[in-house]
Amino acid sequence: MTIESKLSYLTGFPSAHQKTERKEGLKKENQKRVLASEKNQLLSPGLLWPSNVPVLGLKYILFSEKRDQVLRITASNEEQLALVRSLQEQEHLNTLLDEEKKEMILSRHKERSSQTFNYASYHTLEEIYTWMDTFVASSSGLVNKLQIGTTSENRPIFVLRVGINWELGYLHVDQPSNFQTFSAGGINRPAIWINFGIHAREWISPATSLWFANKLINEYGKDTSVTSLLNTMDVYLEIVTNPDGFSFTHTNNRMWRKTRSRHAGTSCVGVDPNRNFDANFGGPGASGNPCSSTYYGPYVNSEKEVKAIVDFVKNHGNFKVFIDVHSYSQLLMFPYGYTATKPKDYDELMEISKKSVTSLASIHGTKYRYGPILTTIYQSSGSSIDWAYDQGIKYAFCFELRDTGRYGFILPANQIIPTAEETYMGLMEILNHARQNPY
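Conventions we followed
Residues numbered from 1 in each chain as written. Predicted model: local features only at pLDDT ≥ 70, side-chain atom pairs only at ≥ 80, totals over all residues. Heavy atoms only, no water. Salt bridge = Lys/Arg side-chain N within 4 Å of Asp/Glu carboxyl O. Helix = DSSP H or I, 4+ residues; strand = E, 2+ residues; numbered from the N terminus. Buried < 20%, exposed > 50% of the residue type's maximum accessible area, 1.4 Å probe, protein only. Phe/Tyr/Trp six-rings, centres within 6.5 Å; stacked < 30°, edge-to-face > 60°. Lys NZ or Arg CZ within 6 Å of the ring centre and 35° of its normal. pLDDT = per-residue confidence, 0-100. Contact = heavy atoms within 4.5 Å. Core = buried A, V, L, I, M, F, W, Y, C linked by side-chain atoms within 4.5 Å. Pairing = 2+ DSSP bridges. Axes fitted to C-alpha atoms, helices over the stretch in contact; angles between N-to-C directions. Parallel < 35°, antiparallel > 145°, perpendicular 65-115°, else oblique. Nonpolar A, V, L, I, M, F, W, Y, C, P; charged D, E, K, R; others polar. 1 Å grid on protein atoms, 1.4 Å probe; cavity = no way out; pocket = protein on both sides within 12 Å on 5 of 7 lines; lining within 4 Å. Points joined across faces, edges and corners; volume = space filled by probe spheres on them. Disulfide = S-S within 2.5 Å.

(A) Spatial organisation of the pattern of salt bridges. All chains considered together, the criterion is met by 12 salt bridges. Residue Asp234 pairs with Arg189 through a salt bridge whose shortest N-O separation is 2.4 Å. Linking Asp234 in strand β10 (residues 234–238) with Arg189 in the loop between β8 (171–172) and β9 (191–196), this pair joins segments that are 45 residues apart in sequence. You'll find Asp234 and Arg189 in the same group, each marked buried. Of the charged contacts, one joins Asp311 and Lys307 as a salt bridge, the two residues approaching to 2.8 Å between their closest N and O atoms. Separated by 4 residues within a single helix, Asp311 and Lys307 lie in helix α8 (residues 304–316), roughly one turn from each other. Of the residues examined, Asp311 reaches a relative accessible area of 31% and is grouped as partly exposed. Judged by its relative accessible area of 38%, Lys307 is partly exposed. Taken together, the salt bridges that share partners define one network made up of Glu153, Arg155 and Asp244.

Shown next, in the form of C-alpha cells:
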C-alpha cells in the first residue's frame, strides 16, 4: 500500500491518485509539506523538524502543482500520528542525504584541484585507505599501517600505530609472533586502543579519527602532553572498524548499521559488532533476531571485524586504554552496559569522565552527559568496552559524538572539524591520565 493509499485509508479522504483520475490534466501529487504545532517541535525521539518549515497546526498537507488542490489530514489517533511522523522523518532524512551528497561531490572537486586532503568532508572507504598510505609516508616515521585481518567481503582491516621508534614499516599481522615487533619497547610497551566507525552509519566517527590522527602528528614535538604520550605509549587507531558496512552506506543504504556477513539459517545480512563481544553475550539489550539492527550474531566473535580486535588486543597483552567512538547523543560512558553492578574502578572512571567532558565543552560549549552505559543510555550486552574492561583494561570508555538528534547520523560536514576539535580535548584528558597513572 502506498503512502497516499494509507492516508486515504486512515482518513476517508480520496487519495491523490483518485483525484488525478477524476480531474483531467492533474498530475500526481508529489510535493509534501509538514505543518507542526509549533516551530522546531520535537516530532519524534531525537528528531527536530527544520526551522524553515511552515507551522499551522498538526496537519499533513499534500500540495499538487495546482496550489488549490490539497489534501488536509488532521492526526486524530496514534496510528495516524505515527504515520505522519514517519512521513516527516523520511522527508527530513531525504533532504539531509541530498545535502550530504552535494557536499561530498564539491569536496572531491576541491581536493583534486588543490591536491590536498579535506578533513572537513566525509570520505569513502577507498579515499580513506588512500589517505592512510599518504599519511604514513609523510609522518616522518611516527606512523605505520598494520593489517590485522580481513572482512567477510574480503576487505582489509587496517590499524594505524602512532608512536616513536617504529622502523619496520608496513606489517601484515597474521601470526602471534609478529606481535613481538610492535614497538621498540617490545610487547611490554603500554598501548592505547581507539576504534572508530564500528557502526557503519556513524560517519562522524571515522571523520573525527582522520583529524585526530593528523593532530597527534602535528602536535608531536610542539605540545608537551602529546610528545610525552607518544614517547611512552603506542597509540593504535582503527580508523574504520566496519569496512564492509561503511562501504555499503556509501553505495546502497546510508542508514546501515551492522556488518555485511552472512550466516546459515537466515537470509538477513549482518551482525551488530558491538553486541558480538564476549561480555554477557546474548543478554539483555541485544537481539537474537538476525533481521534486527542489534542482532548479536550466531556466536561470540562470529564477526571477523570483532575477532580481529579481540585477537590483536589479547595477543599484544599490554593495552591500558580501550576507547570505542560512536555517534550520536553526546555521551561519555564506561562499563557496565550489561549489569547495574558498578565497576571496581567506578570512582576513578567517574572523575576522569567529568574532567574529559569539561575539557571537551571548553572548546565549543558542547555539553555531554557521562556515567556507566546502563544508566546513561540503555542496557546492552556484548559491547566492546565491557569486554575490554573484563579483560583487565581499566580505562575503557565509549564516546557518543554530536549531536543530540536534530541531524543524528547525518551530521552535516560543517560540523566535522568542531566535533573533532572538542573530541580531541576529551580524548587527551583520558590518555594523559592513563600515562600519568600507570597500573
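Back to the text.
(B) Up close: the packing of aromatic side chains. Under the definition given, this model contains 26 aromatic pairs. Aromatic ring contacts, followed pair by pair, group Trp193, Tyr236, Phe277, Phe312, Phe319, Phe322 and Trp387 into a single cluster. A cation over a ring is seen here: Lys215 above Tyr424, with NZ or CZ 5.4 Å from the ring centre. When the ring centre of Tyr439 is taken as origin, the NZ or CZ atom of Lys394, which lies over that ring, is 5.0 Å away.

(C) Here's a closer look at the confidence of the model for the chain. Put simply, the chain has an average pLDDT of 81, and 72% of its residues get 70 or more. Taken together, the stretch residues 3–75 has pLDDT below 50 and engages in 142 contacts with residues farther than four places along the chain or on a different chain. Every residue in residues 166–187 is under pLDDT 50, and counting partners more than four places away or in other chains gives 46 contacts.

(D) Quick look at the nonpolar core. Among the nonpolar cores identified, the biggest contains 90 residues, and Trp193, Ile194, Leu237, Ile323 and Phe399 are the most heavily contacted of them. With near-sequence residues (within four places) excluded, Ile194 lies in contact with Phe212, Tyr236, Leu237, Glu238, Ile323, Val325, Leu427 and Leu431. Leu93, Leu96, Leu97 and Phe409 belong to the second largest nonpolar core, which has 5 residues in total.

(E) Local environment of the pairing of strand β6 (residues 143–150). For β6, the tally of buried residues reaches 7 of 8 residues, placing the bulk of the element in the interior. Here β6 pairs with strand β7 (residues 156–162) via 7 bridges, running antiparallel. Bridged to Thr150 within β7 is Pro156. Between the antiparallel neighbours β6 and β7 lie 5 residues, among them Asn154 with a positive phi of about 70°.

(F) The packing of helix α4 (residues 125–137) against helix α7 (residues 243–251), seen in detail. Packing of α4 against α7 brings their axes to within 9 Å, and their N-to-C directions diverge by 125°. Of the possible angle classes, the one that applies to α4 and α7 is oblique. Facing Leu125, Glu126, Ile128 and Tyr129 of α4, the residues of α7 in contact are Pro243, Phe246 and Ser247. Looking at side-chain class alone, the contact of α4 with α7 contains 5 nonpolar, 1 polar and 1 charged residues.

(G) Summary view of empty space enclosed by the protein. Under the criterion given, the structure shown has 2 cavities of 30 Å³ or more. Considered as a void within the structure, the largest cavity measures approximately 40 Å³ in volume. In terms of lining residues, the largest cavity is bounded by Tyr122, His123, Ile128, Trp203, Pro206, Ala207, Leu210, Phe246 and His250. Tallying contributions element by element places helix α5 (residues 204–219) first for the lining of the largest cavity, with 3 residues.

(H) View of α7. Counting buried residues along α7, 7 of its 9 residues qualify, which places the element largely inside the surrounding structure. Along α7, the residues classified as buried are Pro243, Asp244, Gly245, Phe246, Ser247, Phe248 and Thr249. Elements in contact with the buried residues of α7: α4, β7, α5 and α8.

(I) Layout of the state of the cysteines. One pass over the structure, following the stated rule, counts 1 disulfide. Across the disulfide, Cys268 is cross-linked to Cys291 (sulfur-sulfur distance 1.9 Å). On the S-S bond that ties Cys268 to Cys291, the torsion sits near 70°, and the link is right-handed. One end of the pair, Cys268, is in the loop between α7 and α8; the other, Cys291, is in the loop between α7 and α8, with 23 residues separating them in the sequence.

(J) Examining unusual backbone geometry more closely. Following Ser327, the chain continues into Tyr328 via a peptide bond in cis, with omega recorded as 0°. Assignment of secondary structure puts Tyr328 in the loop between β11 (319–327) and β12 (331–334). Cis rather than trans, the peptide bond between Arg402 and Asp403 has omega equal to -5°. Positive phi values are uncommon outside glycine, yet Ser140 reaches one of about 55°. One can find Ser140 in the loop between α4 and β6. Of note in this structure, Asn154 is not a glycine but carries a positive phi near 70°. The class of Asn154 is exposed, set by a relative accessible area of 60%.

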